[in-house]
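Report on the structure
The residues making up each chain are set out below.
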Amino acid sequence: MVTSKFELQRNAFGKLILTSSDGEVFEDVSPVRAFPIQSPLMSISMVMGDGREVAWIDQLSDLSDSTRALVLAELEGREFMPEIQKILDVSSFALPCTWTVRTDRGDTAFVLKGDEDIRRIGSTSLLITDNHGIQFLIRDMFGVDKLSRKILDRFL
């Protein structure tokens, strides 16, 4: 396995090609975050389609600007986890209910089926899964506005 000393580029088909420091070429690699919520810019594995790890990135800041841009672009294309910034409304405090929220990707509404669909991640983060399996992140439940916190308290 190689470390963060590698070159990364896209081929004509848009697939990532990793070339290790000793010249070994790995086609169609993908970045995978080890700790996507707690440490999104650290501990990233470059893996082949079969899951075999071919490179490890301790910190994205260790990479060149062009390689870092490729890794971040690929991660953004693979990951979809809107971050809730504010809870605008909840249709009911009985479940299931519809939540209307403001996220980093715009306003949306989703159905929360049950209490088990709100999970604590660490001491301050929450992961909320809607009825379609889409996950929404609240990075700091204590840092949201007063109304959002009051609504969260009813469900936690």
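Not measured: the values here are computed from a predicted model. Here, residues in each chain are numbered from 1, in the same order as that chain's written sequence. Only residues with pLDDT of at least 70 are given local features in this predicted model, and only at 80 or more are side-chain atom pairs given and counted; all residues enter the totals for whole chains, interfaces and linings. With hydrogens and water stripped out, all remaining heavy atoms of the structure feed into the side-chain values.

Points about the packing of aromatic side chains
Only Phe, Tyr and Trp rings are paired, with Trp represented by its six-membered ring, and only when their centres lie within 6.5 Å; those with planes under 30 degrees apart are stacked, over 60 edge-to-face, the remainder tilted. A complete count under the given rule lists 4 aromatic pairs for this structure. When the centroid spacing of 5.1 Å and the interplanar angle of 55° are considered together, the rings of Trp 99 and Phe 155 count as tilted. Taken together, the residues Trp 99 in strand 7 (residues 97–103) and Phe 155 in helix 2 (residues 146–155) connect sequence positions 56 residues apart. Accessibility expressed as a relative area gives 0% for Trp 99, which makes it buried. Joined through ring pairs, the aromatic side chains of Phe 93, Trp 99, Phe 110, Phe 136 and Phe 155 make up one cluster. By the criteria applied, helices consist of DSSP H or I runs no shorter than four residues and strands consist of E runs no shorter than two, each listed in order from the N terminus. The buried label goes to any residue with under 20% of its type's maximum accessible area, the exposed label to any with over 50%, and the partly exposed label to all in between, with areas taken from a 1.4 Å probe on protein chains only.

A short note on helix 2
Of all the residues in helix 2, the buried ones are Ser 148, Ile 151, Leu 152 and Phe 155. Along helix 2, the residues classed as buried sweep out an arc of 100° about the axis, all on the same side. Residues of helix 2 that are exposed and angled more than 90 degrees away from the buried face: Lys 146, Lys 150 and Arg 154. By the convention used here, residues are in contact when the closest approach between their heavy atoms is within 4.5 Å. Looking at the buried positions of helix 2, the neighbouring elements they touch are strand 6 (84–90), strand 7, strand 8 (106–112), strand 9 (118–121), strand 10 (125–129) and strand 11 (135–138). A side-chain oxygen of the first residue of helix 2 lies 3.3 Å from the backbone nitrogen of Leu 147; this N-cap is Asp 145. Throughout, the arc means the angular range of directions from the helix axis out to the C-beta atoms. Nitrogen and oxygen atoms within 3.5 Å of one another constitute a polar contact, given that in protein one can donate a hydrogen and the other can accept it, and given that sequence-neighbouring residues count only through two side-chain atoms.

Overview of the environment of Leu 156
Positionally, Leu 156 belongs in the segment after helix 2. In this structure, the C-alpha to C-alpha distance between Leu 156 and Arg 120, residues 36 residues apart in sequence, is 9.2 Å. Among residues more than four places away in sequence, those in contact with Leu 156 are Ile 118, Arg 120, Leu 126, Met 141 and Arg 149.

Points about the sheet that holds strand 5 (residues 53–59)
Within the open sheet, the 5 strands sit side by side as 1-2-3-4-5. Their pairing is antiparallel. The outermost strands of the open sheet, each flanked by one partner alone, are strand 1 (6–10) and strand 5. Taking the axes of each pair of neighbouring strands and ignoring which way they run, one obtains an average angle of 35° across the sheet. Two strands are said to pair when DSSP picks up at least two bridges between them. Orientation is described by lines fitted to C-alpha atoms, with helices fitted over the stretch in contact, and by angles between N-to-C directions that extend from 0 to 180 degrees.

Quick notes on the sheet that holds strand 10
Spatially, 9-10-11 is the arrangement adopted by the 3 strands of the open sheet, whose pairing is antiparallel. The sheet terminates laterally at strand 9 and strand 11, the two strands that pair on one side only. For this sheet the average axis-to-axis angle between neighbouring strands, irrespective of direction, equals 25°. Bridge count between strand 10 and strand 11: 4 bridges; the pairing is antiparallel. By the bridge assignment, Ile 128 is partnered in strand 11 with Phe 136.

A closer look at the environment of Leu 72
Topologically, Leu 72 is positioned in helix 1 (residues 65–78). Taking the relative accessible area as the measure of exposure, Leu 72 reaches 26% and is therefore partly exposed.

Here's the deal with the pattern of salt bridges
The rule for a salt bridge is simple: a side-chain nitrogen of Lys or Arg has to be within 4 Å of a carboxyl oxygen of Asp or Glu. Here the structure, examined in full by the defined rule, presents 5 salt bridges. The partner of Arg 102 in a salt bridge is Asp 107, with the nearest N and O atoms 2.9 Å apart. We classify Arg 102 as partly exposed; its relative accessible area is 34%. With relative accessibility at 49%, the residue Asp 107 sits in the partly exposed group. As a salt-bridge pair, Arg 149 and Asp 153 come within 2.9 Å of each other at their nearest N and O atoms. One end of the pair, Arg 149, and the other, Asp 153, are both in helix 2, 4 residues apart, so they sit about a helical turn from each other. Here Arg 149 falls in the partly exposed class, since its relative accessible area comes to 22%.

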